Amino acid sequence: MYQCCMLRGCVCLAGCSLSTLQRSQVTYNPNSPVAAELSNWWQAEGQSATLMPISETPSRSPGGGEAANNRNQLHLLEAATRQPIPEDGARPTYHNVLCVSMYINPDQTMYYLANPQTGKKVVEHDGQYQDSDGKIVDNATYRYVMQLKAADLSGPALISCFNEQAEMVLGTSADHLAELRSKDEAAYKAQLAGAQWCEWRMTVQTKGQEYKGERRMRHQAFALRPVHFAEDGHRLLEAIRSYAL
C-alpha cells in the first residue's frame, strides 16, 4: 500500500504531480511532526522562496559548502529593513537573522488584557470581561504586544514581538510581568534589563503598514530561538569552505 500526504499549497507550488492507485492512501493536512515541520517552513519562508527543478539545483562546491540558495541561510537585518515599502496586499517577506536584543523600552505598552480562549482584547464589564465579538468571560489574562530593539553588524531595527516570542525573550509570562510592574517597579525594570544583550536566531516578517496616513515598514518576530553555538559554528565553517579558497 502506498501512502502520501498533502499540505495546502505546498504540493501545487512545487509543481509536483500526484498519481494514485486503487490501493493508495492520500492524507490531506496530516497530523504528524514531519507535516508540522513542512507547514511551519511553508508559512515562514517557503511560500516566498524561489524554487527550481532538482536537476538545476547547484551542487556542493569543491570545498564541501552547501549551495548558495540554501533556504536556511542567515541574512542581515539590513535585508529586512532597507527593502522598498511594499504596496497594499503584497505578501510579507521573511528573513532569518542572527541578532542581539539591545533594548526594551520599559515605558511602552507591554501587554493587554485578553480572552484566554481566543487571545482577543477584552474590556471589563460588570466584574466580567467582554471581547470585540461580545463574548463574556469570567477571567482574563495578559498577553504580550511589545517592541524590541535588536541589532546585528548591519545596524539596529525595531521589531514587534507578540505573546509567544516575547515570553521567550523575557523569560516570564505577561501576567507575571504585569504583577511586577504594579508592585515593584525596580524588579520590573530588572526583568527587562535581564533580557538585553542576548543572542537570538530570529525569523523576521516584514510588510508594509499604514500609520497616521503614511506607509512604513513593520517588522515582526515571526519565530525565534536561542543561538545554538555549535550548530552555527558548523554553518560558518561550511560557508567558509564554500569559497574553496
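Residues numbered from 1 in each chain as written. Predicted model: local features only at pLDDT ≥ 70, side-chain atom pairs only at ≥ 80, totals over all residues. Heavy atoms only, no water.

The name an unreviewed UniProt entry gives the protein is Replication factor A C-terminal domain-containing protein, with Dunaliella salina as the organism. As stated in UniProt under Sequence similarities (unreviewed entry), the record for the protein gives "Belongs to the replication factor A protein 1 family." (UniProt positions renumbered as here; feature names shortened; annotations may be inferred.)

The full count for this structure, using the stated rule, is eight salt bridges. Across the pair aspartate 232 and arginine 201 runs a salt bridge whose closest N-O atoms are separated by 3.3 Å. With aspartate 232 in helix H7 (residues 229-241) and arginine 201 in strand E10 (residues 199-211), the pair connects residues that are 31 residues apart, well separated along the chain. Here the salt bridges share partners, and the residues they tie into one network are Arg201, Arg225, Glu231, Asp232 and Arg235. (Salt bridge = Lys/Arg side-chain N within 4 Å of Asp/Glu carboxyl O. Helix = DSSP H or I, 4+ residues; strand = E, 2+ residues; numbered from the N terminus.)

The next thing to look at is the nonpolar core. In this structure, Ile104, Met110, Leu170 and Met202 are the most contacted members of the largest nonpolar core, which totals 29 residues. Setting aside its immediate chain neighbours within four residues, leucine 170 contacts Ile104, Met110, Tyr144, Met146, Leu177, Gln191, Leu192 and Ala195. (Core = buried A, V, L, I, M, F, W, Y, C linked by side-chain atoms within 4.5 Å. Buried < 20%, exposed > 50% of the residue type's maximum accessible area, 1.4 Å probe, protein only. Contact = heavy atoms within 4.5 Å.)

Let's shift gears to the pairing of E10. Strand direction decides the pairing type here: strand E3 (residues 93-103) and E10, joined by eight bridges, are antiparallel. Bridge pairing in E10 links valine 97 to methionine 202. The pairing of E10 with strand E11 (residues 214-226) spans twelve bridges and is classified as antiparallel. The partner of methionine 202 across the bridge, within E11, is leucine 224. The hairpin turn running from E10 into E11, its antiparallel successor, is two residues long, and lysine 212 in that turn takes a positive phi close to 50 degrees. (Pairing = 2+ DSSP bridges.)

Pairing between the strands of a sheet comes from backbone hydrogen bonds, and it takes one of two forms, parallel or antiparallel. Taken in spatial order, the three strands of this open sheet run E5-E6-E7, and their pairing is antiparallel. Where the open sheet ends on each side, the last strands, each with one partner, are strand E5 (122-125) and strand E7 (136-137). Pairing of E5 with strand E6 (residues 128-131) involves four bridges; the strand directions are antiparallel. Looking across to E6, one finds that valine 122 is bridged to aspartate 131.

Looking at the secondary structure, you find asparagine 29 in the loop between strand E2 (25-28) and helix H2 (33-44). Given a relative accessible area of 33%, asparagine 29 falls into the partly exposed group.

So, on to the side chain of asparagine 163. Among the secondary structure elements, asparagine 163 is positioned in helix H4 (residues 163-170). For asparagine 163, a relative accessible area of 13% puts it in the buried group. Among the polar contacts made by the side chain of asparagine 163, one reaches the main-chain amide nitrogen of tyrosine 144 at a distance of 2.9 Å. Among residues more than four places away in sequence, those in contact with asparagine 163 are Tyr142, Arg143, Tyr144 and Ala174. (Polar contact = N/O pair within 3.5 Å; in protein donor to acceptor, adjacent residues only side chain to side chain.)

Relative to the elements of secondary structure, tyrosine 103 occurs in strand E3. Tyrosine 103 sits in the partly exposed class, given a relative accessible area of 40%. Taking the C-alpha atoms as reference points, tyrosine 103 and leucine 158, 55 residues apart in sequence, are found 9.5 Å from one another.

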